[in-house]
Structures are given as C-alpha cells and as structure tokens.
Amino acid sequence: MAYKHTILPTVGEKITLDNNTLVVPDHPIVGCCEGDGIGPDITRASLRVIDAAVEKAYDGKRKIHWCELYLGEKAAKLFDGDLFPKETLEALKDLIVSIKGPLTTPVGEGYRSLNVALRQDLDLYACVRPVRYYAGVPSPLKRPETVNVVIFRENTEDVYTGIEYKSGSPENKKLAKFLREEMGATFFEDAGLGIKPISPFGSKRLVRKAIQYAIDNNRESVTLVHKGNIMKFTEGAFRNWGYEVAREEFSDYIITEESLYNDYGGKQPEGKIVIKDRIADITFQLLQLRPAEFDVLATMNLNGDYLSDAVAAEVGGVGIAPGANISDTVAVFEATHGTAPKYANQNKANPSSFLLSGVMMLEYMGWKEAADLINAAYPKVIADKTVTYDFARQLPGSTEVTTSGFADALVAKITGAAEDLARFEDSRREAIERAREEREAKRVMNPVEAMRDSGRQPNTASGIMSKIHSIGADESVEAAMHVMTDKNVSAILVKPGADGQWGIMTQRDILEKIVGANRSRDGVKVGEIASKPIFTVTPETNISQVAKVMLDRKIRRVVVAWNEKPVGIVSDTDLFRSVEEFGWGPEAG
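Residues numbered from 1 in each chain as written. Predicted model: local features only at pLDDT ≥ 70, side-chain atom pairs only at ≥ 80, totals over all residues. Heavy atoms only, no water.

Undergrad: Tell me about the packing of aromatic side chains, and name the residues and values.
TA: How two aromatic rings sit relative to each other is given by the distance of their centres and the angle of their planes. Scanning the entire structure with this criterion turns up six aromatic pairs. Ring centres 4.9 Å apart and planes at 65 degrees place the aromatic pair Tyr 134 and Tyr 378 in the edge-to-face group. In this pair, Tyr 134 is assigned in the loop between β7 (126–132) and β8 (148–154) and Tyr 378 in helix α12 (residues 368–383), connecting sequence segments 244 residues apart. Look at Tyr 134 and you get buried, because its relative accessible area is 6%. When the centroid spacing of 5.1 Å and the interplanar angle of 45 degrees are considered together, the rings of Tyr 343 and Tyr 389 count as tilted. Placement of Tyr 343 in the loop between β16 (331–335) and α11 (352–364) and of Tyr 389 in helix α13 (residues 389–392) is noted, with a sequence separation of 46 residues between them. A single burial state applies to Tyr 343 and to Tyr 389, both of which are buried. Through pairs of rings, three or more aromatic residues link up here, namely Tyr 134, Tyr 378 and Phe 406. The ring of Tyr 58 has Arg 62 lying over it, and the distance from NZ or CZ to the ring centre is 4.4 Å. For Arg 153, the ring lying beneath its charged end belongs to Tyr 160, and the centroid distance is 5.1 Å. (Phe/Tyr/Trp six-rings, centres within 6.5 Å; stacked < 30°, edge-to-face > 60°. Helix = DSSP H or I, 4+ residues; strand = E, 2+ residues; numbered from the N terminus. Buried < 20%, exposed > 50% of the residue type's maximum accessible area, 1.4 Å probe, protein only. Lys NZ or Arg CZ within 6 Å of the ring centre and 35° of its normal.)

Undergrad: Which residues make up unusual backbone geometry, and what values go with them?
TA: Put simply, Lys 532 and Pro 533 share a cis peptide bond, and its omega is -5 degrees. Positive phi, normally seen in glycine, also occurs at Asn 19, with a value near 55 degrees. Phi is positive for Asn 347, close to 55 degrees, though the residue is something other than glycine. Within the element layout of this structure, Asn 347 appears in the loop between β16 and α11.

Undergrad: So what's going on with the side chain of Arg 443? Which residues, and what values?
TA: Mapped onto the secondary structure, Arg 443 falls in helix α15 (residues 418–445). A relative accessible area of 9% places Arg 443 in the buried class. A distance of 2.8 Å separates a polar atom in the side chain of Arg 443 from the backbone oxygen of Gly 266. Once you skip the residues sitting within four places of it in the chain, Arg 443 turns out to touch Glu 220, Leu 260, Tyr 261, Gly 265, Gly 266, Gln 268 and Ala 450. (Polar contact = N/O pair within 3.5 Å; in protein donor to acceptor, adjacent residues only side chain to side chain. Contact = heavy atoms within 4.5 Å.)

Undergrad: Please give an account of the nonpolar core that cites residues and values.
TA: With 98 residues, the main nonpolar core has Ile 64 and Tyr 378 as its most contacted residues. Leu 69, Leu 83, Phe 84 and Leu 95 belong to the second-largest nonpolar core, a separate cluster that totals 20 residues. (Core = buried A, V, L, I, M, F, W, Y, C linked by side-chain atoms within 4.5 Å.)

Undergrad: Mind laying out the sheet that holds strand β23 (residues 557–562), listing which residues take part and the relevant values?
TA: On the basis of which strands lie adjacent, the open sheet formed by three strands has the order β22-β23-β24 and mixed pairing. Bordering the open sheet on either side are β22 (536–537) and β24 (565–571), each of which pairs with just one other strand. As judged from the two bridges shared by β22 and β23, these two strands associate in the parallel manner. Bridge pairing links Thr 536 to Val 559 in β23. Against the sheet, helix α21 (residues 543–553) touches β22, β23 and β24, its axis set at about 125 degrees to β23. (Pairing = 2+ DSSP bridges. Axes fitted to C-alpha atoms, helices over the stretch in contact; angles between N-to-C directions.)

Given below as structure tokens:
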C-alpha cells in the first residue's frame, strides 16, 4: 500500500521470508516506534548502542536502516486522532521485524490496550520474555545468577480475549440465566462474567514455537505451566495439548521427564530436550527458591503475564526486562514497562528494557555477534556503577547518569574492547553448561531428591508409569520369564496375535496357569495364558482415577495407551511408591 506518513529509508533492503525462514540482508530496513512518555528518550539512546554494536561486530559491513512507525500519541497527531492507524499495521507486516517503546493505555475505561490490540490484529500469538541476570544489577535473590529462563506466553486467548459482561447489564443477565438454567452453574447474583477460551490450535502453536526455540538454542527443557488441577478443561487441556504436539511433531528431539528418570537414569541424552509440566503456584515458588530448575517455560496468557513480571523482579525489575511478540511471519520487539509520563523528556529513564529487547531482535535476525557485544558490555558498565537514577539509589557509591549518558558508557565499552567482551559472553555460556552438568549429576546420584527439588508432583498416569516390555504371543512362557527376570519386572505385555488383541502376563499368571496347573513353561505359548483384554488409561488420566479403575476392575495394573498404542504400565506398586515419595492429598488451589 501507499503510505501517507510512513517514510521508508532510501537505502537498505526489506527483510523477507523464504519458506517461513527469515532472510536478513546486510542492510535491512527495520521498523521502529518510539512510543509514548519516556519512549523517545530510551529509543534514541538504545538505537545508538545497537548501531555501535552492529558496526563493531561486522566491521561496518552491516547496518540497520531504521524506519519510523507511528502508534499511540504521536500517531494521533498525524492520523487525526487515530492511535492505531491501519498504515502502521501494514508497515509492521511489510517490514516483518520491528521494535517499539511503551504505549499509553488508560485503566478501566476508554480504548482497549494498544499492546493487546497489536497482538490480536497481527496475530502475534507468542509473547517471548527472556529473563537473565546481569552481574551487578540490584536483585532481591541471594543467587540471581541462577536465573536464566525464556517464557513463552500465549498472547491471543484466555481471559485477555475481552469476552466479559458487566454486572447488571442485559448481556450479563442473559448469560447468567443461560448458565444457571441450561448448564446448572451456581454463582453469586450480579457477578461480572468473563469467558476463558483455550483452544487446541492456540495452545499447540505456542508450545510448538517454545519447543522449536529450545531446540534451536540448545536449551535444556520446556516446562508447561498450568493450573490444570483446578481448571481441567482449559488449563489442564493446555497441558495435554502441549504434550501432544511434543510427541507428535518433535519425537526425535524430546523426551518426557518420566523417560529422563525411568529410561535414562536422570542423564539427559545428547540433543534431547526434556518436556515436563508444573502447576502454576509451585512454579512461582520454585522460581524464587530454585530458579535453575527451569529453562524454557510455555504457558497461557494470564499465567504468563504474572510470571514474566515476577521473574523479571528477581533480576532487576520490568524496567530492564526485554520482550517480543511474534507470529509465524511478523516479530515486534518491545520495552515491557509503562510510559512513566512524569519522567518524559527528562533524559532520565533507564533504557535497558528497550535496549535488551534490541538484543533479542539481533539474535532473532541471526546477528549473534552484535547481540553478544551488548550482553557483555552491559554488566561491565553496571560494575563501574555508571547507572541511571533507578539503580543509583540502590547501589552505594554509584555515579548517576542520564539516559544518554548510560548509552555513552555502553558505546565506549563496545567500541573499546570487543574481543574481551566476546570472551566474557563465552565464559558465561560455559558457566551455564557447568551448572547443567551439576544438575545432571545430582539427578543420577539421587533421582528422588532431584525430582522433589524440581517441584515434580506426579498427578497423572504418565507421571508414574513404568516402561513397558513386550513379547510376541507365539513366544514360549520360558522366554517371557527370561525377559521379566532380565528387566526386573513382574508383568510383561503380550503383542497381538491372531485375535488382534494386546494382552498382559504377570508373575501370578505363571503361578496359577503354569506352576499350579503343572504345565511346561517351555511348551506353552505366552498368548495362551495372557490376560485379555487389557484395561487402558490415557497418559493424562488423573492418579486418583487410575486408582479407581484398578479398584472397580479388581486388577493390579493398567496399561497407559497413546493413540491405542501401549506406552507404559501403572501398577498398584507404582501408585504406592508415588504416594510414599511425593506425598498425597486432595487437589487444592
């Protein structure tokens, strides 16, 4: 489209996509919206630092050509009061990669959040928030250096869809009447009502992007964070759909947490990402007590909103927290804090959130060398105690500088000793790898303690199932007994024979049908004495429901099946051991 106020640079090339792969030229055109309040101050300062890092990293052979885009108050002045012009939306799609400052949104009334509108209108379904500690930044934690997580927050669903009805309104009364009379729901009179949609489509594409990120960036694990113990058909479903996409699309790259312990003794195989899940409240707790247990987290909109700000507080606050909103075709990086209008145009605010979002942007573009220079220079400037007012009041003996002064200090570090900075970032990565090895050693030495420390609380069949061992129906009972002895198991699955049914053979079957009946173990086929049909549950079946199935059927084992294929087995011994090791109680909020 022809732009009215957006002016593309006369030099540079647009970033493109080739089969959903980003193609970045050496002189890309990148969109930039300075935002409201302190936005112009932090944008100017940050772009200077980014430009210096790019020039130094690539010896002047690469350069970003910035294209100013308009949203918020500046857009309203140019577009006759329109805070959210269609022209800017089209430019964001056209340029593919952009960065923006904070935007003003009133609370409780008036126009909807520009940030939410941007995410929904461009389908920027993944809010990505990396949170890591930079040495010297004030933190409430004793060991903030152990915080190194990337949060993937689903951006388009959950209560943020805005489907809610004001108390007393005709729409509210109509919905309340339907819920009570047609659905049997009970709740207080005149309650405001909201809808919480969580879909397989929205959940799977978010988890898919989180897993792919973990693979591409050599991360250790992906944790699905949910409140599925209470909201079973929304948050619980998110968890289940997350495991589905992991199994169906990434089977060559992932292992479940159960497999990590049951099949590999806690030692993570090379090139494999561990998929696990945690209840939201225990996640919040452990991110304060043992943050190193988490790496990449994938969660829904509301959980992700709280979680990203809470973790950011551990390493310096949202004032330095970077973020991005990404679809399959468009990426918008952003400062994650508010506009702080009382500091507008004072050249005083900390530019770190915008700047570190720029670092994310450089990494997304594949310009890792430039990103590393900023990542390494940042803690060195903090170590010099050359900081803006927000850090100065927390760091005794510091020198308070302006927004632009902080940028000057960063540029000086970047342009002065790039080689030293590169080594600094390499040493940080080596420290992360050493910490991984230490966690692995602990898992191998004491798996139960490691599981407890990581917050693992098995609540489904997949969390306590044992690995299955199977044998053909035409094999002899003697051969099956050898397998059971070698694998130290008391039951073995029997593959379908002529009847097409799976079966199970246990030690008790051998006692009753071979020893007690005085039959020869090498002359009887397994299929002749196997119990059929087997009783199955899905991996997501709650442990209490598994116990109920066993009691109702008067059996000691159930088979865990996925897409009609056995993937594990749960015995009464597994249930007992789970209760003994991890405790048990009714589901709580």
